[in-house]
Amino acid sequence: MDRLLVGIVFLVGFAGLLFQRDLIKKVIALSIINSALVTLFILLGSRAGSEAPILREGRLDIVDPLVQALMLTAIVVGICITALALVLSYALYRSYGTTDTREIERLISEQEEQQ
Amino acid sequence: MISLLVLLPLIGAAIALIAEILRLRTLDAVATVASLFTATAVALRVTVSAVTAGVAVAVGGWIPPVGIELRLDGLTSIGVLVVFIIALLIYWYARAEGSYGPHFSFVFLTAVAGMIGLMLSTDLFNMFVFFEILSLSAYLLIAYKRKPRAVYAGFRYLVIGTVGMSLYLLGVFVLYRETGVLSIHAIADAGAGEAPSPEMLIATAAIIAGIGTRVAFFPFHIWLPEAHGEAPHPVSALLSGLMIKAGFLTLFRIVNAVPAVPITMLFEILGPVTAVAGVMLALVQTDMKRLLAFHSVSQMGYILTGFAALGSVGAGVAVAGSLFHMVNHALFKSLLFLTIGIVISQTGKRRITDLAGLGLRMPLVAACFVVGAASISGVPLFNGYVSKTMLSAGTKEFALYPLLTITSIGTVASFIKLSTVFRGRSRTAPGIERVARRMYPPIVTIAAGCVAIGLFPGQTAALFSRLTNISTIQTIDFFGGQAMVDTAIVLAVGFMLYRVVTHPVLSRLVAAARRARLGIEPSVVAVLYGFAGVAMVFMLMAR
């Protein structure tokens, strides 16, 4: 059930990427895909046990700490990508005056025709 | 010692960032050159032990699977040296051109560190991190000049690249669930001697698709021509010459780690298809840099075809040839991008048809261009010929081998087309400035490297095989009669094809084809279909 839910979130991200024409919404979609993946990994790790992986005497029923460490890195990477994507979107908005990808593509091909 | 190879460029990058803040205009150049030089020295020092035994280090003293392992072997040490040396020359070019400040040095060095880290990584997640470091700096470098169109190319590459990396992570997830390990050596041990499970096949397909968006083989190549074509000239040289090669080394390791998955059969198809599709699209371009960018795709097809020979009888010579072609491509493609870059910045024009007769105005640039063009076309006495001959000796048996011959012919034709820029009578205004002397050393050095490898094909090929520990059973007669006749035929047919392609009727037809360009959504769909296709091929072939 929970895995199905993550799958739906994953697909929502892809749907956003494919059906939203706005630059910012595409960035949000990328962020959603990233979150779905992070959740998927954490879900996998949680199957191994039920307690946080802080080792103390008598505590053996811990979740997989490796995936948590990995996902910490993946989250950081995801933030970097989102930040950069937003910077690029802003730069595009400043030069084309719109955040609509179709409009930007049309302007680019118009410029090319003129040359 | 070998973590220094990643650390030194990063230290250089940090100093460049400080130079940016303090507005010191030369400190960053000094830091960049110094860090690349010392890193090269370190790489040279560890090469001998790397070739004989391989050097591994657990970063921070944490042993795998918890810690991160970096490993240097013969093949990677060649890769590392090529990256450092060519990056240094590209950087020289960028500084000589004058419009690149400390901010550029910072991102440039981060990209170099990303490439080195990627080549040294041995576990799948660490590869993901370095892939992302590399891609983030690539997006920034493409958009560096803030030309709107380049910014959009960078954004599109970011979206496609992130989708690719999501697929890669998904693959890593399934693999980790199946095997419980991430190191490629451990995965190789875990899967040895068993038929791969369907999950394993899908995981590998996702990983191959993810790396595919980085190294740009068909059908994951769509972002490359626009991104590499619109990037500033030194960046194009860095991306086309070096960056895709770092991804290919990773791909090579993964293919080796999962021998049970029928990847080689897939590459036997995708390689020639990529090669021929790339060259056909290159032929119809009128934009100089986009033509070169499509050739990068096409040349990657050659390398992929060589990988397809892994595990078969004549494997040695094809695999060595394909890896050697990566080195050679790094040399001649960066050379081509830099020489064409000089042409574009001197004349301000990008279209082939707008320029002619520049050979007399910039003879040395023209000479370097001819070296690069002859190398990529596989003319004897130049480096491309050496690796292409090795490759074809090992892949002649493939059903799709004729496509590679067509690619060679197309390459010759399109470089004859590109050379019209230098040939004939000058049609451009006389107001072109002389090329500054400081622009010459990088291109002349790279051109000298191309010729040096080409003049001694037997020796360099043997040295390469020894350094990489790939034994080649066959000995190749590089200047034998048959090879010469074949080359002459390819060159002649290539010239005829050039006459056909430039015929006015045909060029009007292809102009329409050229205009059809893909937006963001179709490219994402192409990546997803590509993944599904790869997974299906694996499922069918594994039976």
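Residues numbered from 1 in each chain as written. Chains lettered and ligands numbered in written order. Predicted model: local features only at pLDDT ≥ 70, side-chain atom pairs only at ≥ 80, totals over all residues. Heavy atoms only, no water.

### Here we look at empty space enclosed by the protein
Residue and element names in this part refer to chain B.
Now for step 1: Applying the stated criterion across every chain, the model contains three cavities of 30 Å³ or more.
Now for step 2: Estimates place the volume of the largest cavity at around 140 Å³.
Now for step 3: In terms of lining, the largest cavity is formed by 16 residues, of which the most central are G79, K245, L249, M326 and V327.
Now for step 4: Secondary structure elements with two or more residues in the lining of the largest cavity: α3 (74–97), α10 (233–257) and α13 (315–347). (1 Å grid on protein atoms, 1.4 Å probe; cavity = no way out; pocket = protein on both sides within 12 Å on 5 of 7 lines; lining within 4 Å. Points joined across faces, edges and corners; volume = space filled by probe spheres on them. Helix = DSSP H or I, 4+ residues; strand = E, 2+ residues; numbered from the N terminus.)

### Things to note about helix α19 (residues 481–501) of chain B
Because each turn of an α-helix spans 3.6 residues, side chains separated by three or four positions in sequence point in the same direction.
All names here are of chain B.
Now for step 1: Here α19 is 21 residues long and its end C-alpha atoms lie 30 Å apart, about the 30 Å a rise of 1.5 Å per residue gives.
Now for step 2: Buried within α19 we find A483, T487, V490, G494, Y498 and V501. Projected down its long axis, α19 shows its buried positions confined to an angular sector of 75°, all on one face. Counted as exposed and oriented over 90 degrees from the buried face of α19: G481, Q482, M496 and R499. (Expected span 1.5 Å × (residues − 1). Buried < 20%, exposed > 50% of the residue type's maximum accessible area, 1.4 Å probe, protein only. Arc of directions from axis to C-beta.)

### Thoughts on the packing of helix α2 (residues 27–52) of chain B against α3(B)
All names here are of chain B.
Now for step 1: Contact geometry for α2 and α3: axes closest at 9 Å, N-to-C directions at 160°. As far as their axial angle goes, α3 and α2 are roughly antiparallel. Seen from above, α2 lies across α3 with left-handed handedness.
Now for step 2: Taken together, the residues of the contact of α2 with α3 sort by class into 16 nonpolar, five polar and two charged. (Axes fitted to C-alpha atoms, helices over the stretch in contact; angles between N-to-C directions. Parallel < 35°, antiparallel > 145°, perpendicular 65-115°, else oblique. Left-handed = near helix turned anticlockwise from the far one by under 90°. Nonpolar A, V, L, I, M, F, W, Y, C, P; charged D, E, K, R; others polar.)

### A closer look at the packing of aromatic side chains
Think of a pair of aromatic rings as described by two things: how far the centres are apart, and how the planes are tilted against each other in angle.
Now for step 1: With the rule as written, the count across this model stands at 19 aromatic pairs over all chains.
Now for step 2: Measuring from centroid to centroid gives 5.3 Å for F41(A) and F173(B), while their planes differ by 70°, and the two rings are edge-to-face. In this pair, F41(A) is assigned in helix α2 (residues 23–46) and F173(B) in helix α6 (residues 148–179), connecting two distinct chains.
Now for step 3: Ring geometry for F131(B) versus Y168(B): centroids 6.1 Å apart, planes at 75°, classification edge-to-face. Taken together, the residues span a long stretch of sequence, with F131(B) in helix α5 (residues 124–142) and Y168(B) in helix α6 at a distance of 37 residues.
Now for step 4: Here a set of aromatic residues connected by ring pairs shows up, and it is made of Y91(B), Y100(B), F104(B), F108(B) and Y144(B). (Phe/Tyr/Trp six-rings, centres within 6.5 Å; stacked < 30°, edge-to-face > 60°.)

### Some remarks on the pattern of salt bridges
Residues and elements named next belong to chain B.
Now for step 1: On inspection of all chains with the given rule, the structure shows 16 salt bridges over all chains.
Now for step 2: With a closest N to O distance of 3.3 Å, R71 and E69 form a salt bridge.
Now for step 3: Taking the relative accessible area as the measure of exposure, E69 reaches 16% and is therefore buried.
Now for step 4: Here R149 ties to E230 by a salt bridge, and the two come within 3.6 Å at their closest N and O atoms. Within this pair, whereas R149 is found in helix α6, its partner E230 is found in helix α9 (residues 224–230), the two being separated by 81 residues in sequence. Considered together, R149 and E230 belong to a single accessibility category, that of buried residues.
Now for step 5: Through salt bridges that share partners, K147, R149, E226, E230 and R290 make up one connected network. (Salt bridge = Lys/Arg side-chain N within 4 Å of Asp/Glu carboxyl O.)

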